[in-house]
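The lines below spell out each chain.
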Amino acid sequence: MTRDLLRDLAAVLVAALLVVAAVLVGTAIERDDGTLHVGWPPLYAYWEPHMGPGTPAALVVAAAVVAYGPRLAARLPWRALLGAAWATVTAWTFSLALVDGWQRGIARRLTTAYEYLQVIDRFDDIPRALREFTGHILLHSPDHWPPHVAGHPPAATLTFVLLDRIGLGGGAWAGVWCIVVGATAAVAVLVTVRALAGEDLARRAAPFLVSAPAAVWAGTSADGYFAAVAAWAAALLALAVTGRRPRTAALGSGLLFGLTGYLSYGLMLIALVAGTVLLLGRRRRRVLPFLLAGAAVVPLVFALLGFDWWEAYRLLVERYYEGAGGIRPYGYWVWANLACTVLVVGPAAVAGLRRSTATAAPLARTAARSLTRRTGALPADADAPAGGSATGPADARTNGTATGSASAQTNGTATGPAGVAVTGPVTGLATAPVTDPVTGLAIGPVTGPHGPGGGSESPGSQDAGSEGPGSGWRRLLGGRPLSGEQRLALLVLAAALAILAADLSGMSKAETERIWLPFAVWLPAAGALLTRPRGWLAAQTVLALLLNHLLLTGW
């Protein structure tokens, strides 16, 4: 057993102890004063061991992912892998939801007194409903909105209104919509990882993304749908900043980012992921005007129709503290929410997050030395290699790859000591990964003429580790490009930071197993950094099966 694996297991043990503490302390609090307002702390659920029609299918999907997931992810052509990932997540989510039965698991989930479908008939005149929306947010207002309608901007409710208008009304269609669309979030994360960190890491991440316990709550809640919209906004931005139809992709990304802010107020924190995608890209200045133009469209439309986002948010905060939010103790939920997240993302994501932190740590040290040197506290040559790429003597390097001694390279082609090409767009030959002799991490993805496994070449894959001349990253890191693992680590840590910000805000006390899905869906991608994937995949699927069969969850 390696030292890294021991550290991974230690991180999982700490996370498990956090969950146990949240259960024990939460049960005691709820028994004594009932202020948590959840049935099985820290989850919004009740202890009810059960089986259902989805049980056999869930077992089959879980076994298939563990047995064949890593192999298929490595071998399928890229587009086929994306299709297989979506189909697997859809099957996994449907099967888990059907453990509770069709009615209780899917058809009635979005029809309760708390949900959006209760107010469909009040949107017959959509412009008028939008103008009057803020007048029904507070509990003491006339005909106040149900909790989920009041707690979200109107685009969330309008989604189901429009489904009803095209003949897909009712809880069954709403549930199917949320599951089928929500399942595409995993595909969007794969596209983002491939564009920014390379295809090899995206393929390694795929089995973890499709088997995440988050599927327990994605089926069936509207937050699964919100997660997909936010994930595709980031994916299109990743394609834009790596050169695949940058203007069109940036405009589409902006439109979706604008929509996310009108699906959920808390989704504004997805800006942390978007900012990281921008920083990891190479064409920031070129795409930024199109991104901002797209992002302005949805807010402008809602403003013209009479909806005041800022006033609605102000009233929402007041409404939140009028209800359970004013009773639930912050001192418990500020850490118990993180225990919920552990259950949502699973042990593999916890271990991957530990590795992400370890992978990104050298970047922080190098950046700190660079900043210190700029202030004059260190001499210019005091910055030793740490976590970036390294080169041998007498080398010339451009476009973010590595060279051996006495070699020269351009346009992403690396050469060995004898000047023999090992990878690059000029030769198009299959390659072995180029590694950093300091960290042992791959500097560039393993690529062939169509990517690993016969998939299509990733956008910007030949120079995925590079940034434009004079970019902020290179200046901060002393001219060193980022490896694929480092890029993936930064992306995952950005999502984790969004979760921490949401947690500290105090606006998400309980029910975060669904509320934070738009951020949580990114964390399982860190599984790409783990070794022995089948063991971790088994842990992921077993946790999801236990949660869905032992507890009756609210979503």
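Residues numbered from 1 in each chain as written. Predicted model: local features only at pLDDT ≥ 70, side-chain atom pairs only at ≥ 80, totals over all residues. Heavy atoms only, no water.

Q: How should the overall build of the protein chain be read in this particular structure?
A: Counting its regular elements, the protein chain contains 22 helices and four strands. Across the protein chain, the fraction of contacts at a sequence separation of at least 24, relative to all contacts at a separation of at least 6, is 77%. When the accessible area of the protein chain is evaluated, it comes to approximately 21800 Å², of which 66% is carbon and sulfur surface. (Helix = DSSP H or I, 4+ residues; strand = E, 2+ residues; numbered from the N terminus. Contact = heavy atoms within 4.5 Å. Areas by Shrake-Rupley, 256 points an atom, 1.4 Å probe, with all protein chains shown as cover.)

Q: It is not clear to me how the pattern of salt bridges should be interpreted in this structure. Could you clarify?
A: Should their charged atoms come close, side chains of opposite charge can pair. Counted by the stated rule, this structure contains 14 salt bridges. Note that Glu-511 and Arg-328 form a salt bridge whose closest N and O atoms lie 3.3 Å from each other. Remark: Arg-328 occurs in the loop between α16 (309-322) and α17 (330-374) and Glu-511 occurs in the loop between α19 (484-505) and α20 (512-515); sequence separation between them is 183 residues. In this structure, Glu-511 and Arg-328 share a single accessibility class: buried. Here the salt bridges do not stand alone but share partners, grouping Asp-4, Asp-8, Arg-354 and Arg-355 into one network. (Salt bridge = Lys/Arg side-chain N within 4 Å of Asp/Glu carboxyl O. Buried < 20%, exposed > 50% of the residue type's maximum accessible area, 1.4 Å probe, protein only.)

Q: Honestly, a nonpolar patch on the surface in this entry has me stumped. Any pointers?
A: On the surface, Leu-251, Leu-255, Val-297, Val-301 and Leu-305 cluster together into a nonpolar patch covering about 350 Å² of accessible area. Those elements giving two or more residues to the nonpolar patch turn out to be α13 (246-260) and α15 (284-304). Positionally, Leu-255 belongs in helix α13. (Patch = residues over 30% accessible without salt bridge, like charges linked within 9 Å, V, L, I, M, F, W, Y side chains within 5 Å.)

Q: Teacher, can you tell me more about unusual backbone geometry here?
A: Negative phi is the rule for most residues except glycine; trans is the rule for most peptide bonds. Of the consecutive residues Pro-41 and Pro-42, the connecting peptide bond is found in the cis state with omega at 5 degrees. The linkage connecting Gly-219 with the following residue, Thr-220, adopts the cis geometry, with an omega of 20 degrees. As for its position among the elements, Thr-220 is in the loop between α11 (215-218) and α12 (222-241). One non-glycine residue, His-37, adopts positive backbone phi at about 60 degrees. Within the fold, His-37 resides in the loop between α1 (3-32) and β1 (45-47). Taking relative accessible area as the criterion, His-37 reaches 37% and is therefore assigned partly exposed. The backbone of Glu-511 shows a phi angle near 65 degrees, a positive value even though the residue is not glycine.

Q: Looking at this structure, how should I read the packing of aromatic side chains?
A: To describe a pair of aromatic rings, one takes the distance between the centres and the angle between the planes. In total, this model carries 18 aromatic pairs according to the counting rule given. Here Tyr-262 and Phe-302 contribute two aromatic rings whose centre-to-centre distance is 4.8 Å and whose plane-to-plane angle is 20 degrees, an arrangement assigned as stacked. Taken together, the residues Tyr-262 in the loop between α13 and α14 (271-280) and Phe-302 in helix α15 connect sequence positions 40 residues apart. Both residues of the pair, Tyr-262 and Phe-302, belong to the buried class. Ring plane angle 75 degrees and centroid distance 5.3 Å describe the contact between Tyr-332 and Trp-335, whose orientation is recorded as edge-to-face. Of this pair, Tyr-332 and Trp-335 both sit in helix α17, three residues apart, which is roughly one turn of that helix. Judged by relative accessible area, which is 3%, Tyr-332 ranks as buried. (Phe/Tyr/Trp six-rings, centres within 6.5 Å; stacked < 30°, edge-to-face > 60°.)

Q: Mind showing me how you'd approach the packing of helix α9 (residues 184-197) against α12 here?
A: Each pair of packed helices gets described by two things: the angle between the helix axes and the distance between those axes. The N-to-C vectors of α9 and α12 enclose an angle of 20 degrees; their axes lie 8 Å apart at closest approach. Here α9 is positioned roughly parallel relative to α12, judged by the angle of their axes. In the crossing of α9 with α12, the sense of the turn from one axis to the other is left-handed. In contact with Thr-184, Ala-185, Val-187, Ala-188, Val-191, Thr-192, Ala-195 and Leu-196 of α9, α12 contributes Ala-227, Ala-228, Ala-231, Trp-232, Ala-234, Ala-235, Ala-238, Leu-239 and Val-241. (Axes fitted to C-alpha atoms, helices over the stretch in contact; angles between N-to-C directions. Parallel < 35°, antiparallel > 145°, perpendicular 65-115°, else oblique. Left-handed = near helix turned anticlockwise from the far one by under 90°.)

Q: When you look at α15 in this model, what are you seeing that I'm missing?
A: Taking 1.5 Å as the rise per residue, α15 with 21 residues should run 30 Å; its terminal C-alpha atoms sit 30 Å apart, in good agreement. Taken as a whole, α15 carries its principal kink of about 25 degrees at Val-297; the proline Pro-299 stands between one and four residues after it. All of the buried residues along α15 are Val-287, Leu-291, Gly-294, Val-298 and Phe-302. Directly beyond the C-terminal end of α15, a positive phi value near 105 degrees is found at Gly-306. (Expected span 1.5 Å × (residues − 1). Bend = angle between axes of the 7 residues up to and from the residue.)

Q: Honestly, the environment of Glu-199 in this entry has me stumped. Any pointers?
A: With respect to the helices and strands, the residue Glu-199 is situated in helix α10 (residues 199-210). As for Glu-199 and Ala-74, which are separated by 125 residues in sequence, their C-alpha atoms are 9.7 Å apart.

Q: Looking at this model, I keep getting lost on the packing of helix α7 (residues 154-165) against helix α8 (residues 171-182). Mind explaining?
A: Where α7 contacts α8, the two axes come as close as 10 Å, and the packing angle between them is 120 degrees. Between α7 and α8, the angle falls in the class oblique. Two packed elements cross with a definite hand, and for α7 against α8 that hand is right-handed. Contact residues: α7 offers Thr-159, Phe-160 and Leu-163, while α8 offers Ala-174, Trp-177 and Cys-178. Across the contact of α7 with α8, the residue classes break down as five nonpolar, one polar and no charged. (Nonpolar A, V, L, I, M, F, W, Y, C, P; charged D, E, K, R; others polar.)

Q: For this particular structure, what's the right way to read helix α3 (residues 78-97)?
A: Think of an α-helix as turning once every 3.6 residues; residues three or four places apart then point the same way. Across its 20 residues, α3 extends 29 Å between first and last C-alpha, which sits within 8% of the 28 Å expected from 1.5 Å per residue. All buried positions along α3 are accounted for by Trp-78, Leu-81, Leu-82, Ala-85, Val-89, Thr-90, Trp-92, Thr-93, Phe-94, Ser-95, Leu-96 and Ala-97.

Q: Explain the environment of Phe-257 here, please?
A: Inspection of the secondary structure assignment puts Phe-257 in helix α13. Separated by 17 residues in the primary sequence, Phe-257 and Ala-274 place their C-alpha atoms 8.9 Å from one another. Those residues within four positions of Phe-257 in sequence are excluded, and the remaining contacts are Ala-233, Ala-234, Leu-237, Ile-270, Ala-274 and Leu-291.

Q: What should I look at first to understand the side chain of Ser-221 in this one?
A: The residue Ser-221 is located in the loop between α11 and α12 in this model. Owing to a relative accessible area of 1%, Ser-221 belongs among the buried residues under this scheme. Within the local environment of Ser-221, its side chain forms a polar contact with the backbone oxygen of Trp-217, the two atoms lying 2.9 Å apart. (Polar contact = N/O pair within 3.5 Å; in protein donor to acceptor, adjacent residues only side chain to side chain.)

Geometric descriptors of this kind do not, in isolation, establish any biological role.
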